[in-house]
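Close look at the chain arrangement
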Amino acid sequence: MSTFIKKLKQSPIQVKLSLGILIVFILGAILADLYPKNGIDTDIANALVNPNKENLFGTDDLGRDYFARALHGARASLTVGFLSVVISTILGSLVGIIAGYFGGKVDMILMRGVDILMSIPSFFLILILNAALKPGIQNIIIIIGLFSWMGIARLVRAETLSLKERDYVTYAKLIGVSHRKIMVKHILRNITPTLTVAATVNVASAILTESSLSFLGLGVRQPNSSWGSMLKDAQQYLATSPYLAIFPGLLILLTVLAFNVIGDYYRKEI
C-alpha cells in the first residue's frame, strides 16, 4: 500500500485527476440511496424541466429527477464493470497459468480454444445470448464475464512462460513443491501487477459493453437505470432536451477515459 501511495504521489496530474473522478463516481454510486430523490417516482407535471437548483440534472420525460437516475445508473454501470471483470480475470488467469505452466498438449488444446473464441465477434455473441435470456443486470455481468477473458488468458500465458523458467521456480520443483503451490505462490503472485493493469482497462470495456446493450434495449430495464439506458431514453428528445443525452454520455466518457488513463500509466510503470 505504501508503494502504491508513493507511486500515486509521483504520478502525473492526469492520473491523479482520473483517480479522483473514479472515487467521486464510486462514492456517488455507493451513497445513491442517501440522495432524497430516488429517480423512480414520476411527476408528469414536472417533465423535461431543464437543470436547476432543485433538479441538478433536470428531469426526464416522466418527471423523474435525472441526477438521482444518474447516481443509480452509476451503481448499475460500475457494478457490471467491476463484477464482470472479476469473472473474466479469474477465468483468464486460470486458463493462462495452466496453459503456460504445463505447456505441451495442454497448452495447445487450451490456446486453440482461446483462438476459436477470439475469432468470434464477442459483442454479437453477447448480444444474442443476452437477447435469448431474461434481461437483467445479473445476466449482463455473467455474459460479459464469460466472453471477455480470452485476452487476459493470452497475457497470463505469456507471463507464465517467462516466469516458469526462473531459478526460484526450478528450485521449487526440485525440492518437491506441488504444482498448485508453485502456480499460486511463484507465478500468480508475480503477475498480479500485470493482471491489475489489464483488469483496469477491461473495466472500461465492460462499462462500454453494458452501455451498448442498454442503449439497444437489452440491458437494464425500466424503472431502473444505467447510463446506457438513459442514453436510449434520451434519443427522441435530442432536439428539445439535449441534456438528457449530454449528462449520461459525459459520465460514460469520463469513466472510460479515467480507467484508460490509469491503466495506461501503470502499464508503463510495470
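Just so it is clear, the model here is predicted, and its values are computed rather than measured.

The rules behind these values
Residues numbered from 1 in each chain as written. Predicted model: local features only at pLDDT ≥ 70, side-chain atom pairs only at ≥ 80, totals over all residues. Heavy atoms only, no water. Patch = residues over 30% accessible without salt bridge, like charges linked within 9 Å, V, L, I, M, F, W, Y side chains within 5 Å. Areas by Shrake-Rupley, 256 points an atom, 1.4 Å probe, with all protein chains shown as cover. Salt bridge = Lys/Arg side-chain N within 4 Å of Asp/Glu carboxyl O. Lys, Arg positive; Asp, Glu negative; His and termini not counted. Charge placed at Lys NZ, Arg CZ, Asp CG, Glu CD. Helix = DSSP H or I, 4+ residues; strand = E, 2+ residues; numbered from the N terminus. Buried < 20%, exposed > 50% of the residue type's maximum accessible area, 1.4 Å probe, protein only. Phe/Tyr/Trp six-rings, centres within 6.5 Å; stacked < 30°, edge-to-face > 60°. Core = buried A, V, L, I, M, F, W, Y, C linked by side-chain atoms within 4.5 Å. pLDDT = per-residue confidence, 0-100.

Brief notes about a positive patch on the surface
A surface patch of like charges, here positive, comprises Arg180, Lys181, Lys185 and Arg189. Tracing the sequence through the fold places Arg189 in helix α9 (residues 179-215). Residue Arg189 is classed as exposed on the basis of its relative accessible area of 58%.

Thoughts on the pattern of salt bridges
Going through the model one piece at a time under the given rule, you end up with 8 salt bridges. Note that Asp107 and Arg157 form a salt bridge whose closest N and O atoms lie 2.7 Å from each other. Pair noted here: Asp107 is in helix α4 (residues 104-119) and Arg157 is in helix α7 (residues 150-163), with a separation of 50 residues, a long-range link. Accessibility expressed as a relative area gives 11% for Asp107, which makes it buried. Its relative accessible area of 24% is what places Arg157 among the partly exposed residues. Among the ionic pairs, Arg154 bridges to Asp115, the shortest N-O distance being 2.7 Å. One end of the pair, Arg154, is in helix α7; the other, Asp115, is in helix α4, and 39 residues separate them in sequence. One network of salt bridges, with partners in common, ties together Lys37, Glu54 and Asp65.

Details of the packing of aromatic side chains
Enumeration according to the criterion identifies 8 aromatic pairs in this entry. A ring pair is formed by Phe57 and Phe247, whose centres lie 4.0 Å apart and whose planes are at 0 degrees; its orientation type is stacked. With a gap of 190 residues between them, Phe57 in the loop between α2 (13-30) and α3 (66-102) and Phe247 in helix α11 (residues 243-269) connect regions that are remote in the sequence. Taking the relative accessible area as the measure of exposure, Phe57 reaches 16% and is therefore buried. On the numbers, 5.9 Å between centres and 75 degrees between planes, the contact of Phe82 with Phe259 is edge-to-face. You can see Phe82 sitting in helix α3 and its partner Phe259 sitting in helix α11, a full 177 residues away along the chain. Using a relative accessible area of 33% as the deciding quantity, one classes Phe82 as partly exposed. On the basis of relative accessibility, which here comes to 5%, the residue Phe259 falls in the buried class. Taken together, the ring pairs in this structure connect Tyr35, Phe57, Phe67 and Phe247 into an aromatic cluster.

Comments concerning the nonpolar core
Most often, soluble globular proteins keep nonpolar side chains buried together rather than apart. Tyr66, Trp227 and Phe259 are the most contacted members of the largest nonpolar core, which totals 40 residues. Residue assignment for this core shows that the elements contributing at least two residues are α2, α3, α6 (137-146), α9, α10 (227-234) and α11. Here the element with the most residues in this core is α11; it accounts for 12 residues. Grouped together as the second largest cluster of nonpolar side chains are 12 residues, Val169, Ile182, Met183 and Ile191 included.

Description of the confidence of the model for the chain
Confidence in the prediction of the chain, expressed as mean pLDDT, is 88, and 96% of residues score 70 or more. Of all secondary-structure elements in the chain, the lowest mean pLDDT belongs to helix α1 (residues 2-10), at 61, while α3 reaches the highest, 93.

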